[in-house]
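Examination of the molecular architecture
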Amino acid sequence: MLVVFALFSALALTQIDTLHAQTPEPVAPEGSYSESQAQGIDRMIMCPVCPAETIDQAQVEISFQMRQIVRDMLSQGRDRDEILDFFVERYGKDILAAPPKSGANLVAWLMPIAAVSVGLIAVYLVLRSMTRRGTAPVIAQPVTDAGLIPYLQLVDRHLDMTRSAPQTGSTSNPNSSGVEPLGESPGDSTATDESEANVDQGEQGK
Amino acid sequence: MAELGAISLWIALALAAYSTVGSVAGKLRLSPALVESAQSAVYAAALALLVATLSLVIAFISRDFEIAYVAAHSDLAMANRFTWVAFYAGNEGSLLYIGTVLAIMSSIAVWRSPEKFKDAMPYTTAVLMLTLTFFLAVIAVMANPFDKLPFVPLDGEGINPLLTHFGMFFHPPALMAGLIGITLPFAFALGSLLAGKTGDEWVDAGRFWGIISWVLLAAGLLLGSWWAYTILGWGGFWFWDPVENAAFMPWLAITAFIHSVMVQKRRGMFRMWNIVLVNVAFGLALYGMFMNRGGSVPSVHSFGESSLGWIFLIFLAVGVVVPFAIFIWRYPLLKSARNLDSMLSREAAFLVNNLLFLAIAFVTLWGTVYPLLTRLTNDETITVARPFYDQVNGPLMLALVFLMGVGPLIPWRKAGMASVRKTLLPPIIGGLATVGILAALGLHKEYALIGFGLATFVTTGILMEWFRGTRSRHRSSGENYATAFLRLIMANRPRYGGYIVHLSVVMVTLGIVGTSFFSTQVDVVLSPGESVVIENYELVYLGSVETHKGNRTEFISTVQIFRDGDLLETIRPKRDFYPSFNMAATSAAIRSTPVEDLYVVPSENLPDGSVGFRILVNPLIWWMWVAGPVMLVGTVVALWPTRVRAPAPVPTPRRLTPGTRPTTA
């Protein structure tokens, strides 16, 4: 399963690398542009006077004007980067809705990837160490024969129920935290349901 | 009313403080009487806060403008039903609301606290009441809604027009209740740590309250999106605004928690991890409340801005550092009851699920904090807005949807490769078939293909589970399929309720993928009689009517929708202008179908009678709003109290005895 998630993070990686390819700018005759292309640019420019809105969203005069500038520049044959640069020159880098993918600001983009990678490795290591400990005598032999599962679950269930009577008294025991019963806790009827559902599946598997 | 309100506020503060000290002192001095009186103080504090709330409501209804808060958030023209909204329109009232909700939830938690948790309950009570004391002290000293003006104004300033929308009746209160609700699972976890009860005693109550705050936050977020969609007038529903993020992050953490707590409930594992998660969720909830009250990042929610920021920041620091210190102190006691049997097991899937939820929360936090970092390190600020979150969180969310399809199909403990392959085969075939068919139909946006493929993958998996379970009940007991299906769901509510919620998440996915990749948008200025074509629709603008109504001017435009020459519908999008706020509130006309929404909103009314329209075709967004009720149903199923199962002979275990379960879950 971790492999699949590695794949997903790889997907995220490639996406960030090919980001400029993601909003394709088809080579068109000079001065012609599509409205969706213009809207794509609108969504990358913040409205300078309204909090946290792009010029695509904001309903104020200046954003109407800026949208018009985007379209004028597109019809003059300028491409997206030129238009963004034009606005950055006038308003500063904070006019861009996302950090530029260059220089020091690359950190903004790489940090999430680093965090997810570290997280994946950590989860893998934790799972591995938990499984290694698992070879201890707690569960002697993992059940591999699917046909045995319904039977073993029936036994588990039986154990739960026979244990439930003395168990109710033991909850007030302050030292009970270390020693845990092997079965599910007695009040947990959902657990019993779950094993029933598994029994159903087990029957299904035959 | 001002006096009654202020006095009951102070009484509640005193009671909360007493309850905090009394619980701990009673526990340490082994005085059950003291513990009991501290618990009664919880109920009394809730009662006092209800009186304070009622006083403010009455002050609003009688338009008691001597009270500064009432004068600032209502006027004579305001309809009485908006009192509900005006109540939390500013800091003072919303804090009072938060305090009251916390007191009520605490009372229920104390009243319903499980017998097995008795030893730790005084500590939990103390944590709850300490939090309440903080809020009440802030209200009483710094943001008192009952403060009076030195004079009585003739009229109030009126309610913010953006708040007078149906969605605003539920979105803010649901979110605020959800944020403060996270205090409860947190208090149960911390109480159990403080008492040294590091087993699973707190898990049932923690899960119950975790799900309550989860559903409140989810409903609040969905309603907020719906509100933004219908009223903000730009055609979208979510734009990663800092305050949206502030509510979204704790929701992510609590979602991770309600999943991983199942592992502890079922298997006695992940004990440390669950406590860490609930601490993280609480920290993020405090952060959310801090952002909402004068946070340092600009946001469309800035109407609640104030100087309360720093005091929340201090509480945030305390609320994060102290619990982690306690956690480290108790660390040696936190041992899992069991070990992991296999990497391929539901336990492991839950851990990866947690990683992904936290990763999204981290990316969101990082995006919120990054502008501040750039401001500190150089002179220019860098903005982090929607494009960043879409690109980074998008793939992570798709990974989560994938896991949502895999996780529930993997059995606990250990899964055999062969059986997993067998269970996963139909969903995989379903998903791949969807991708194939869509690609053959000419859909070439890879993210959309993945999104739709995964949606089918998850749905197939869930339907297979339902079908299998129903069929096996039908075969073994002879119940007809409908009865068998209902009994199947009732037999394991946490599981099948969870599946219903998963289906609602698939619906949300459809809405997000549909609008992110396939929406069409046109901005156009039309004179009466002119028309515009978008996708298959032709829209004819007939004209606008302008009416002056007290505090606003209403512009109602009439637009006819044609498709293939047939008149489908006549719609009337509206734009209200409020001169006193210099603000316009739009109300989009939406022709909504499961296939696509046609969305028409007037963005400006020009003097010559022409109107600037924004028109969108948003595919599949209908599913997003339907997801809300579905999710609610799933949550109710998952939380519905299960009946106690009496010990019975093994061969016939399906005997139920009357009577409800003693615990809250």
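Residues numbered from 1 in each chain as written. Chains lettered and ligands numbered in written order. Predicted model: local features only at pLDDT ≥ 70, side-chain atom pairs only at ≥ 80, totals over all residues.

**Here's the deal with the overall build of chain A**
- What chain A contains, in helices and strands, is 8 helices and 0 strands.
- Taken from the N to the C terminus, the helices and strands of chain A come in the order α-α-α-α-α-α-α-α.
- Looking at chain A as a whole, 29% of its 206 residues qualify as buried.
- Counted over contacts in chain A with a minimum sequence separation of 6, partners at least 24 positions apart contribute 55%. (Helix = DSSP H or I, 4+ residues; strand = E, 2+ residues; numbered from the N terminus. Buried ≥ 20, exposed ≤ 12 C-beta atoms within 10 Å, placed from the backbone. Contact = placed C-beta atoms within 7 Å.)

**Here we look at the overall build of chain B**
- Looking only at helices and strands, chain B has 19 helices and 10 strands in total.
- Here the C-alpha atoms of chain B give a radius of gyration of 27 Å, agreeing with the 26 Å that 2.2 N^0.38 yields for 665 residues.
- Projected onto its principal axes, the C-alpha coordinates of chain B cover approximately 80 × 75 × 60 Å.
- Relative to its full complement of 665 residues, chain B shows a buried share of 57%.
- A separation of at least 24 residues holds for 72% of the contacts in chain B among residues at least 6 apart in sequence. (Rg over C-alpha atoms; globule rule 2.2 N^0.38 Å.)

**Focus on the pairing of strand 9 (residues 596-605) of chain B**
Residue and element names in this part refer to chain B.
- Counting buried positions along strand 9 yields 8 of 10 residues, so the element is predominantly enclosed.
- Here strand 8 (residues 589-592) runs beside strand 9; their pairing, made up of 4 bridges, is antiparallel. Paired with R591 across the two strands is L598, which belongs to strand 9.
- Hairpin connection from strand 8 to strand 9: 3 residues lie between these consecutive antiparallel strands.
- Relative to strand 10 (residues 611-619), strand 9 is paired through 9 bridges, and the arrangement is antiparallel. Opposite Y599, over in strand 10, you have L616 as the bridge partner.
- Between the antiparallel neighbours strand 9 and strand 10 lie 5 residues, among them G609 with a positive phi of about 90 degrees. (Pairing = 2+ DSSP bridges.)

**A closer look at the sheet that holds strand 9 of chain B**
All names here are of chain B.
- If you walk across this open sheet you meet the 4 strands as 1-10-9-8, and the pairing is antiparallel. Each having just a single partner strand, strand 1 (520-526) and strand 8 make up the two edges of the open sheet. The mean angle between the axes of side-by-side strands here comes to 15 degrees, regardless of whether they run parallel or antiparallel.
- Strand direction decides the pairing type here: strand 1 and strand 10, joined by 7 bridges, are antiparallel. Within the sheet, the bridge partner assigned to L526 lies in strand 10 and is V611. (Axes fitted to C-alpha atoms, helices over the stretch in contact; angles between N-to-C directions.)

**Quick word on the packing of helix 10 (residues 242-267) of chain B against helix 11 (residues 271-292) of chain B**
All names here are of chain B.
- Contact geometry for helix 10 and helix 11: axes closest at 8 Å, N-to-C directions at 165 degrees. The orientation of helix 10 with respect to helix 11, classified from their angle, is roughly antiparallel. By crossing handedness, the relation of helix 10 to helix 11 is classed as left-handed.
- Split into classes, the residues belonging to the contact of helix 10 with helix 11 amount to 20 nonpolar, 5 polar and 1 charged. (Parallel < 35°, antiparallel > 145°, perpendicular 65-115°, else oblique. Left-handed = near helix turned anticlockwise from the far one by under 90°. Nonpolar A, V, L, I, M, F, W, Y, C, P; charged D, E, K, R; others polar.)

**Regarding the domain arrangement of chain B**
- Looking at the assigned domains, one finds that chain B contains domain 1 (1-160), domain 2 (165-415) and domain 3 (520-622).
- Centre-to-centre separation of domain 1 of chain B and domain 3 of chain B, based on C-alpha positions: 43 Å. (Domains from an automatic or database assignment.)

**Brief notes about the pairing of strand 3 (residues 537-549) of chain B**
Residue and element names in this part refer to chain B.
- Of the strand pairs in this sheet, strand 2 (residues 531-534) and strand 3 are connected by 4 bridges, and their pairing is antiparallel. If you follow V532 over to strand 3, its bridge partner there is L539.
- What sits between the antiparallel neighbours strand 2 and strand 3 is a turn of 2 residues, in which E535 has the positive phi angle 50 degrees.
- Note: strand 3 against strand 4 (residues 552-563), 12 bridges, orientation antiparallel. Each bridged residue has a counterpart across the sheet, and for L539 the counterpart in strand 4 is I561.

**Regarding helix 12 (residues 309-330) of chain B**
- Between the first and last C-alpha of helix 12 of chain B there are 32 Å, a value that for 22 residues agrees with the 32 Å anticipated at 1.5 Å per step.
- Looking at the buried side of helix 12 of chain B, the elements it contacts are helix 8 (183-194) and helix 11 of chain B. (Expected span 1.5 Å × (residues − 1).)

**Let's talk about the environment of I258 of chain B**
Residue and element names in this part refer to chain B.
- Inspection of the secondary structure puts I258 in helix 10.
- Between the C-alpha atoms of I258 and Q560, which are 302 residues apart in sequence, the distance is 48 Å.
- Beyond its immediate chain neighbours, meaning those up to four positions away, I258 contacts R207, G210, I211 and W214.

**Regarding the confidence of the model for chain A**
All names here are of chain A.
- Taken over all residues, the pLDDT of chain A has a mean of 66, while the share at 70 or more is 49%.
- Predicted confidence in chain A is weakest over helix 8 (residues 189-205), with a mean pLDDT of 38, and strongest over helix 5 (residues 80-91), with 90.
- Note on residues 13-26: pLDDT under 50 across the span, and 12 contacts to partners over four residues away in sequence or across chains.
- Confidence drops under pLDDT 50 across residues 134-144; counting only partners more than four residues distant or on other chains, this segment forms 13 contacts. (pLDDT = per-residue confidence, 0-100.)

**Observations concerning the nonpolar core**
- Of all hydrophobic cores here, the largest spans 225 residues; its most connected members are I45 of chain A together with A12, A45, A253, A281 and L356 of chain B.
- Per element, the largest residue contribution to this core is 19 residues, and it comes from helix 9 (residues 203-231) of chain B.
- With residues up to four places along the chain from it excluded, the contact list for A12 of chain B reads A45, A48, L49, A52 and L136 of chain B.
- Counting 15 residues, the second-largest nonpolar core is a separate cluster that includes L526, V559, Y599 and V611 of chain B. (Core = buried A, V, L, I, M, F, W, Y, C linked by C-beta atoms within 7 Å.)

**Structural notes on the confidence of the model for chain B**
All names here are of chain B.
- Mean pLDDT over chain B: 86, with 93% of residues reaching 70 or higher.
- Ignoring residues within four places in sequence, the model shows residues 644-665, a span with pLDDT below 50, making 39 contacts including any to other chains.
- In the model output, the complex is listed with pTM 0.83 alongside ipTM 0.79.

**Looking at unusual backbone geometry**
All names here are of chain B.
- Phi angles above zero are rare outside glycine, and L30 is one such case at about 55 degrees.
- Within the secondary structure layout, L30 lies in the loop between helix 1 (2-28) and helix 2 (32-61).
- The exposed category is assigned to L30, around which 8 C-beta atoms lie within 10 Å.

**Quick word on the packing of helix 8 of chain B against helix 12 of chain B**
Residue and element names in this part refer to chain B.
- Closest axis-to-axis distance for the helix 8/helix 12 pair is 10 Å, and the angle between their directions is 40 degrees. Classed by the angle they form, the pair helix 8 and helix 12 counts as oblique. In this structure, helix 8 meets helix 12 at a crossing whose hand is left-handed. In this structure, helix 8 uses L190, L193 and L194 to contact helix 12, whose residues at the interface are P323, I326, F327 and R330.
- Residues belonging to the contact of helix 8 with helix 12 are distributed by class as follows: 6 nonpolar, no polar and 1 charged.

**So, helix 4 (residues 61-75) of chain A**
Residues and elements named next belong to chain A.
- The end-to-end C-alpha separation of helix 4 is 21 Å, in line with the 21 Å expected for 15 residues at 1.5 Å each.
- Of all the positions in helix 4, only S63, M66, R67, V70 and L74 are classed as buried. Relative to the axis of helix 4, the buried residues are bounded by an arc of 100 degrees and lie together on one face. Turned more than 90 degrees away from the buried face of helix 4, the exposed residues are E61, Q65, Q68 and D72.
- Residues of helix 4 that are buried sit in contact with helix 3 (35-42) and helix 5. (Arc of directions from axis to C-beta.)

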